[in-house]
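Each chain, written out:
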Amino acid sequence: MCKIMDGAALARKIREELKEDTGILKKTAGLTPKLTVVLVGNDPASQIYVNNKVNACKEVGFESEVIRLSDAIAEEQLLKIIAGLNKAPDVHGLLVQLPLPEHIAEENIVAAIDPKKDVDGLHPVNIGQLLLGRPNFIACTPFGCLKLLEHYGVNPAGKHAVIVGRSNIVGKPLSALLLQKNATVTVCHSHTVNLSEITAQADILVASVGKAGFITQEMVKEGAVVLDVGINRLDSGKVAGDVDFASVSEKAGLITPVPNGLGPMTIAMLLTNTLKAVKG
């Protein structure tokens, strides 16, 4: 029978531990972790994500700051703001909420953040360190995937892990993490031939494609561990993952739900990275 991987419950446990550690840090060192988020434009989904991050910071005793900017801002202006935040001694963690308006090159903005404050784990230096097996800050969603596997006793060593999606945020860093855990990793994407045949071989299947219900039952191996990274808002207003949960849960051994799966874990790992940034 399929078991639900409750990311929300594990994230609560992690936040409780972080709250305790933050209290100790305040008493012993007089330091309060601070996360600064730069939000460009009025994208509704981005605003929800940022509010969730702010609320999570408050819960664990962090300070947080949201710098809201017009979507008409020039890339050069945004880079100046980031440069100022890099120098601010009270800002420990810094992230720019993605996606950005089309006239701004995301790679330039991410690369402008001080790697020591890059709590999203997306700076080229941090990605490079991850690929070399010496990670400093790990991208939050892949980090959450790993923690969830660990919590449910899934050892990737010797298993075939298939990741559907090759983004810089999820697919690529997660492939490196799973390789370091001695899994055999296949990364699939829009040009992959015979996708269903490959996913059906996976002991661990990760869906990160941005299409609701994309992974169906026939694409999944009996008893597989299925991690659904997708968050898609349907016309009905409901949120759905990249996995057809109803059918796949009849075949999988372990599966993450959407919501309450990897979403809460991503934020918990962001907080974990921010506390790490304070401690250096």
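This text goes with the structure placed above it.
Summarised in this report is the structure supplied together with it. (Residues numbered from 1 in each chain as written. Predicted model: local features only at pLDDT ≥ 70, side-chain atom pairs only at ≥ 80, totals over all residues. Heavy atoms only, no water.)

This brings us to the layout of surface pockets. The space that makes up the largest pocket amounts to roughly 1400 Å³. Looking at the largest pocket, it is lined by 46 residues, and the ones nearest its centre are Y49, T141, I231, G263 and T266. Those elements giving two or more residues to the lining of the largest pocket turn out to be α1 (7-29), α2 (44-60), β4 (93-96), α6 (140-151), β9 (232-233) and α10 (262-279). In terms of residue count, α2 provides more of the lining of the largest pocket than any other element does, 10 residues in total. Each residue belonging to the lining of the largest pocket can be placed in one class, and the counts come to 25 nonpolar, 14 polar and seven charged. Taken together, 13 residues make up the lining of the second largest pocket; nearest its centre are E107, V110, L122, N168 and I169. Where the lining of the second largest pocket is concerned, the elements lending two or more residues are α4 (106-112), α5 (124-131) and α7 (171-180). Per element, the largest residue contribution to the lining of the second largest pocket is four residues, and it comes from α4. (1 Å grid on protein atoms, 1.4 Å probe; cavity = no way out; pocket = protein on both sides within 12 Å on 5 of 7 lines; lining within 4 Å. Points joined across faces, edges and corners; volume = space filled by probe spheres on them. Helix = DSSP H or I, 4+ residues; strand = E, 2+ residues; numbered from the N terminus. Nonpolar A, V, L, I, M, F, W, Y, C, P; charged D, E, K, R; others polar.)

Turning our eyes to something else, we now look at the pattern of salt bridges. According to the stated counting rule, one finds five salt bridges in the structure shown. Between E17 and K13 there is a salt bridge whose closest N-O contact spans 3.1 Å. One end of the pair, E17, and the other, K13, are both in helix α1, four residues apart, so they sit about a helical turn from each other. Here D203 ties to K221 by a salt bridge, and the two come within 2.7 Å at their closest N and O atoms. Here K221 lies in the loop between β7 (204-207) and β8 (225-228) and D203 lies in the loop between α8 (195-199) and β7, a separation of 18 residues in the sequence. Note on K221: relative accessible area 32%, which makes it partly exposed. Each of the salt bridges in this network shares a partner with another, and the network as a whole consists of K34, E65 and D90. (Salt bridge = Lys/Arg side-chain N within 4 Å of Asp/Glu carboxyl O. Buried < 20%, exposed > 50% of the residue type's maximum accessible area, 1.4 Å probe, protein only.)

Orientation of α1 relative to α10, taken along the N-to-C sense of each, is 20°, at an axis distance of 8 Å. Here α1 is positioned roughly parallel relative to α10, judged by the angle of their axes. The handedness of the crossing between α1 and α10 is left-handed. The residues of α10 that touch α1, namely those facing G7, A8, L10, A11, I14, R15, L18, D21, T22 and L25, are P264, M265, A268, M269, L271, T272, L275 and V278. Residues belonging to the contact of α1 with α10 are distributed by class as follows: 13 nonpolar, three polar and two charged. (Axes fitted to C-alpha atoms, helices over the stretch in contact; angles between N-to-C directions. Parallel < 35°, antiparallel > 145°, perpendicular 65-115°, else oblique. Left-handed = near helix turned anticlockwise from the far one by under 90°. Contact = heavy atoms within 4.5 Å.)

In this section: the packing of aromatic side chains. All told, the structure shown has zero aromatic pairs when counted by the stated rule. Positioned above the aromatic ring of F137, the side-chain terminus of K276 is 5.8 Å from the ring centre. (Phe/Tyr/Trp six-rings, centres within 6.5 Å; stacked < 30°, edge-to-face > 60°. Lys NZ or Arg CZ within 6 Å of the ring centre and 35° of its normal.)

If you walk through the whole model with that rule in mind, you get one cavity of 30 Å³ or more. Volume-wise, the largest cavity comes out at about 50 Å³. Lining the largest cavity are L95, V96, L98, V110, I113, D118, D120 and L122. Classifying every residue of the lining of the largest cavity gives six nonpolar, no polar and two charged.

Looking now at the sheet that holds β4. Reading across the sheet, the three strands line up as β3-β2-β4 and stay open at both edges, with parallel pairing between neighbours. Bordering the open sheet on either side are β3 (63-69) and β4, each of which pairs with just one other strand. Strand-to-strand twist of the sheet, defined as the mean angle between neighbouring strand axes without regard to direction, takes the value 15°. Across four bridges, strand β2 (residues 34-40) lies against β4 in parallel orientation. (Pairing = 2+ DSSP bridges.)

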